[in-house]
Amino acid sequence: MSWYQHQKRDINEDLDHILMRCESPGRELIWAAARTLWLERATVWPELSLGTILGCGLAEFRDGNGKVDQGARRLYRILISESAYLIWRLRNERVIEGPPKVWIEEIENKFRFVIKQRLQIDRVLANRPRKGKCPALPSKLVLETWSKILDHGQSLPADWLREPRVLVGTRAFPPRTPYRQDNSQGIG
């Protein structure tokens, strides 16, 4: 590859392209999975742009009474920030190591792992440490964030923060569509 071709490729790969316009299956699949999980909790998926992704921590959602829904706000921030970071990581793997052999399954597993890991971190932070100290994260906020997207939604036991629970797995991924498996140039 000539220096010019390399420079031309780099110019086209800005953050907006990577997160919003890239044709690689990873980007589309991850945003679709994040949208599906979000719709388990809310009725509308906000339209994504580079600005809404970068400003996800500022998003506010209101409940039926007009009060800020802290659980929805927090879940949105987690889904958007973790999805954007995963898309970035997958792009770097694709450019450095070349396209993986089992692309779609690998992406699905990585997304599930990232979201489940965030749930586990929240559960640990919401449990009271010994000697009666306050938890690092209020259990009410963890409940508001995760309850509606966990298996068996409304029928969770009161102490589910201390029990192993499985996040909604396959529902987070829409039916598979045929993606272009070969990205031999490693761009996008």
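Cut-offs applied
- What you see as residue numbers is a count from 1 along each chain, following the sequence as written.
- Confidence filtering applies because this is a predicted model: local features only for residues at pLDDT of at least 70, side-chain atom pairs given and counted only at 80 or more, and all residues used for totals across whole chains, interfaces and linings.
- In computing side-chain properties, one takes all heavy atoms of the structure into account and sets aside hydrogens as well as water.
- Where helices and strands are cited, they refer to DSSP runs of H or I of at least four residues and of E of at least two residues respectively, numbered from the N terminus.
- Residues are treated as being in contact if the distance between any of their heavy atoms lies within 4.5 Å.
- For the area figures, the Shrake-Rupley method with a 1.4 Å probe applies, and any residue is considered shielded solely by the protein chains shown.
- Centres within 6.5 Å make a pair out of two Phe, Tyr or Trp rings, where for Trp the six-membered ring is used; the pair is then stacked when the planes are under 30 degrees apart, edge-to-face when over 60, and tilted otherwise.
- Partly exposed residues are those whose accessible area sits between 20% and 50% of the maximum for their type, while under 20% is buried and over 50% is exposed, using a 1.4 Å probe and protein chains only.
- Take the buried Ala, Val, Leu, Ile, Met, Phe, Trp, Tyr and Cys residues and link them wherever side-chain atoms come within 4.5 Å; each set so joined is a nonpolar core.
- Note on definitions: salt bridges are taken to be side-chain nitrogens of Lys or Arg within 4 Å of carboxyl oxygens of Asp or Glu.
- What a helix is expected to span follows from its residue count: subtract one and scale by 1.5 Å.
- Patches were defined on residues exceeding 30% relative accessible area and lacking a salt bridge, with like-charge contacts within 9 Å and nonpolar side-chain contacts (Val, Leu, Ile, Met, Phe, Trp, Tyr) within 5 Å.
- Any pair of N or O atoms that falls within 3.5 Å is considered a polar contact. Within protein, one atom must be able to donate a hydrogen and the other to accept it, and sequence-neighbouring residues count only if both atoms are side-chain atoms.

## Description of the overall build of the protein chain
Here comes step 1: The helix and strand tally for the protein chain stands at seven helices and zero strands.
Here comes step 2: Each helix and strand of the protein chain, placed in order from N terminus to C terminus, yields the pattern α-α-α-α-α-α-α.
Here comes step 3: Long-range pairs, those at least 24 residues apart, make up 67% of the contacts in the protein chain between residues at least 6 apart in sequence.
Here comes step 4: When the accessible surface of the protein chain is split by element, carbon and sulfur atoms take 54% of a total near 11100 Å².

## Here we look at the packing of aromatic side chains
Here comes step 1: Counted under the stated rule, the structure contains four aromatic pairs.
Here comes step 2: Between Trp38 and Tyr76, the ring centres sit 5.4 Å apart and the planes meet at 70°, which makes this aromatic pair edge-to-face. Separated by 38 residues along the polypeptide, Trp38 in helix α3 (residues 25-41) and Tyr76 in helix α5 (residues 70-97) bring together distant segments of the chain. Each member of the pair, Trp38 as well as Tyr76, is classed as buried.
Here comes step 3: Taken together, a centroid distance of 5.0 Å and an interplanar angle of 65° make the contact between Phe61 and Tyr76 edge-to-face. Placement of the pair is Phe61 in the loop between α4 (50-54) and α5 and Tyr76 in helix α5, with a sequence separation of 15 residues. Tyr76 carries the same exposure label as Phe61, and that label is buried.
Here comes step 4: Linked through ring pairs, Trp38, Trp45, Phe61 and Tyr76 together constitute an aromatic cluster.

## A short note on the nonpolar core
Here comes step 1: Grouped together as the largest cluster of nonpolar side chains are 38 residues, with contacts concentrated most on Trp31, Trp38, Tyr76, Leu79, Ile80, Phe111 and Trp146.
Here comes step 2: For this core, the secondary structure elements donating two or more residues are α2 (15-21), α3, α5, α6 (103-126) and α7 (139-146).
Here comes step 3: Setting aside its immediate chain neighbours within four residues, Ile80 contacts Trp31, Trp45, Leu48, Thr52, Ile53 and Cys56.

## Brief notes about the pattern of salt bridges
Here comes step 1: Taken as a whole, this structure holds 10 salt bridges when the rule is applied.
Here comes step 2: Arg62 is the partner of Glu60 in a salt bridge, and the nearest nitrogen-oxygen pair spans 3.2 Å.
Here comes step 3: With relative accessibility at 43%, the residue Glu60 sits in the partly exposed group.
Here comes step 4: With a closest N to O distance of 2.9 Å, Glu82 and Arg118 form a salt bridge. Within this pair, whereas Glu82 is found in helix α5, its partner Arg118 is found in helix α6, the two being separated by 36 residues in sequence.
Here comes step 5: Overall, the relative accessible area of 17% leaves Glu82 in the buried class.
Here comes step 6: One network of salt bridges, with partners in common, ties together Asp14, Asp16 and Arg21.

## Regarding the environment of Ile115
Here comes step 1: Among the structural elements, Ile115 can be located in helix α6.
Here comes step 2: For Ile115, a relative accessible area of 1% gives the class buried.
Here comes step 3: Spatially, the C-alpha atom of Ile115 lies 7.7 Å from that of Glu82, the residues being 33 residues apart in sequence.

## Section: α3
Here comes step 1: Taking 1.5 Å of rise per residue, the 17 residues of α3 would be expected to cover 24 Å, and the 25 Å separating its terminal C-alpha atoms lies within 8% of that figure.
Here comes step 2: Residues of α3 that are buried sit in contact with α2, α4, α5, α6 and α7.

## Section: a nonpolar patch on the surface
Here comes step 1: Nonpolar side chains collect at one region of the surface, where Leu15, Leu54, Tyr85 and Trp88 lie side by side and expose about 410 Å² of accessible area between them.
Here comes step 2: Structurally, Leu54 is set in helix α4.

## Brief notes about the side chain of Asp69
Here comes step 1: In this fold, Asp69 is placed in the loop between α4 and α5.
Here comes step 2: Within polar-contact distance, the side chain of Asp69 engages the side chain of Arg41 at 3.2 Å.
Here comes step 3: Within polar-contact distance, the side chain of Asp69 engages the backbone nitrogen of Ala72 at 3.1 Å.
Here comes step 4: Once you skip the residues sitting within four places of it in the chain, Asp69 turns out to touch Arg41, Phe61, Arg62 and Asp63.

Purely geometric numbers; function is a separate question.
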